[in-house]
Amino acid sequence: MKIAILGGDGFCGWPAALHLSNQGHEITIVDNLSRRRIDDELGAQSLTPIRPLDERLNAWQELSGRTITHVDLDVAQDCDDLLAFLQDQGPDAVVHFAEQRAAPYSMKNARTKRYTVDNNVNATHNLLAAIVEADRDVHVVHLGTMGVYGYGTAGMKIPEGYLDVEIPHEGQQNIETQILYPTNPGSIYHMTKSLDQLLFAFYAKNDRVRITDLHQGIIWGTNTAETLRDERLINRFDYDGDYGTVLNRFLMQAAVGYPLTVHGTGGQTRAFIHVQDMVRCVEIALNNPPAVGDRVMILNQMTETHRVRDLAELVGRISGATVEMVPNPRQESAENDLHVTNDTFLDLGLEPTTLSEGLLLEVEETARRYAHRADLAKIPATSLWNRRTHAGIPASLTGADHDGAEAGSASSTAAGN
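Residues numbered from 1 in each chain as written. Predicted model: local features only at pLDDT ≥ 70, side-chain atom pairs only at ≥ 80, totals over all residues. Heavy atoms only, no water.

Student: Help me out: how do you make sense of the side chain of N126 in this one?
Tutor: If you trace the backbone, N126 turns up in helix α6 (residues 110-134). Given the relative accessible area of 13%, N126 is considered buried. Discounting residues that sit within four places of it in the chain, N126 has contacts with V75, A76, Q77, C79 and L82. (Helix = DSSP H or I, 4+ residues; strand = E, 2+ residues; numbered from the N terminus. Buried < 20%, exposed > 50% of the residue type's maximum accessible area, 1.4 Å probe, protein only. Contact = heavy atoms within 4.5 Å.)

Here you go:
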């Protein structure tokens, strides 16, 4: 297929681009390199050394003999250029990663909240409107998040997007129908993904755009078979309090001798997926598109669920790292259960990569290799959900009680950023 990957320079987009290119597809990355600029803004670079995109692409061509092209385009702003790209290039499919992906960054301050809404919602709508204007039959595969559902399951398995309901009808038999599973976003980022769902539902219904929405769990791991081929292809390893994902953060903290920071009670249960399975799921979705006129195909892209404190204990046990409970910067339940249906990907042939000590140690080894690049000051999560929450700074490193004056001062500073 001819595939455009929006956001193809990012944590998910880069390994997906390489994997799909390696499968023989013709790949174009559309990316304005905004994620690299956010690195500069935060002063927190990837733990792994990320080469300039041109160097990455040249290395891939040298090693594989395959060419990936790059178009520098802001999908959220350059509407006319996006339309011209679709008309000129005529992709069979578009994989949409072009959204600000970090919940903590989206809650950092009023500016980052506005940026996340403006970028994410505009990017999605501009793409859909341009597909209709270009009059192209393009399959959109969008990377969403399990977080649109919230993290409470009411004792049931979360279905794949749609919920069977009965509506009471006075004096008559109840009406049976299906609705989108009610969203319950926990951050501005998750709210934008919830808005994406409504945009997708409208364009699928009104304009018969073929759309697959992947509700993804938290990614762990760093490299795929392709990114391991050469250090110039290495993937991002975010460890900072805004962009680092929880399990990767634990593994990095273990590698540099930093306490494993467990927010609150650590009773949050989350869905997880290894980065290698992520790229495989994107491939499966591309190979199994909905038909023209079908409603949005919603797939839960995850392989297992774990409680955060259990993960910290596992990493601590295999690495010898200490575990420390810190204040939770987020507004969320202290404890939750999470049960998720992921039958479609399993039925389509996904063989899940589950947590194992070997794979955890492999990621920790990557962190150890590049530990000299770490800025320990960037590890704590200091973006606060509201004025009632506190920064996740270990007391062992501040000498203060989490409820005391120093913790409060750190929280106030973070809230003002």
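Student: How should empty space enclosed by the protein be read in this particular structure?
Tutor: In this approach the atoms are scanned with a rolling probe the size of a water molecule, which exposes any empty space left behind. Tallied over the full model, the rule gives 2 cavities of 30 Å³ or more. Here the second largest cavity defines a volume of roughly 40 Å³. Along the walls of the second largest cavity sit F11, R101, D238, Y243, G244, T245 and N248, which together make up its complete lining. Along the lines of polarity and charge, the residues of the lining of the second largest cavity split into 2 nonpolar, 3 polar and 2 charged. (1 Å grid on protein atoms, 1.4 Å probe; cavity = no way out; pocket = protein on both sides within 12 Å on 5 of 7 lines; lining within 4 Å. Points joined across faces, edges and corners; volume = space filled by probe spheres on them. Nonpolar A, V, L, I, M, F, W, Y, C, P; charged D, E, K, R; others polar.)

Student: I keep staring at the environment of R111 and nothing clicks. Help me out?
Tutor: As for its placement among the helices and strands, R111 is situated in helix α6. Judged by its relative accessible area of 41%, R111 is partly exposed. Apart from the residues lying within four places of it in its own chain, the contact partners of R111 are E41 and Y105.

Student: Looking at this structure, how should I read the pairing of strand β11 (residues 269-274)?
Tutor: Moving residue by residue along a regular strand, the side chains alternate between the two faces of the sheet. The element β11 is extensively covered by neighbouring structure, given that 6 of its 6 residues are classed as buried. The two faces of β11 match: T269, A271 and I273 on one face and R270, F272 and H274 on the other face are all buried. Both β11 and strand β13 (residues 304-307) contribute to a ladder of 4 bridges, which runs antiparallel. Considered in β13, the bridge of F272 is made with E304. (Pairing = 2+ DSSP bridges.)

Student: Just checking my understanding: could you explain the packing of helix α1 (residues 13-22) against helix α3 (residues 53-64) for this structure?
Tutor: Packed helices, taken two at a time, are described by their axes: the angle between them and the distance between them. At a closest axis distance of 12 Å, the pairing of α1 and α3 adopts a crossing angle of 25°. Comparing their axes, α3 and α1 come out roughly parallel. Relative to α3, the crossing made by α1 is right-handed. Where α1 abuts α3, its residues W14, L18, S21 and N22 lie against L53, R56, L57 and W60. (Axes fitted to C-alpha atoms, helices over the stretch in contact; angles between N-to-C directions. Parallel < 35°, antiparallel > 145°, perpendicular 65-115°, else oblique. Left-handed = near helix turned anticlockwise from the far one by under 90°.)

Worth remembering: the numbers are spatial, not functional.
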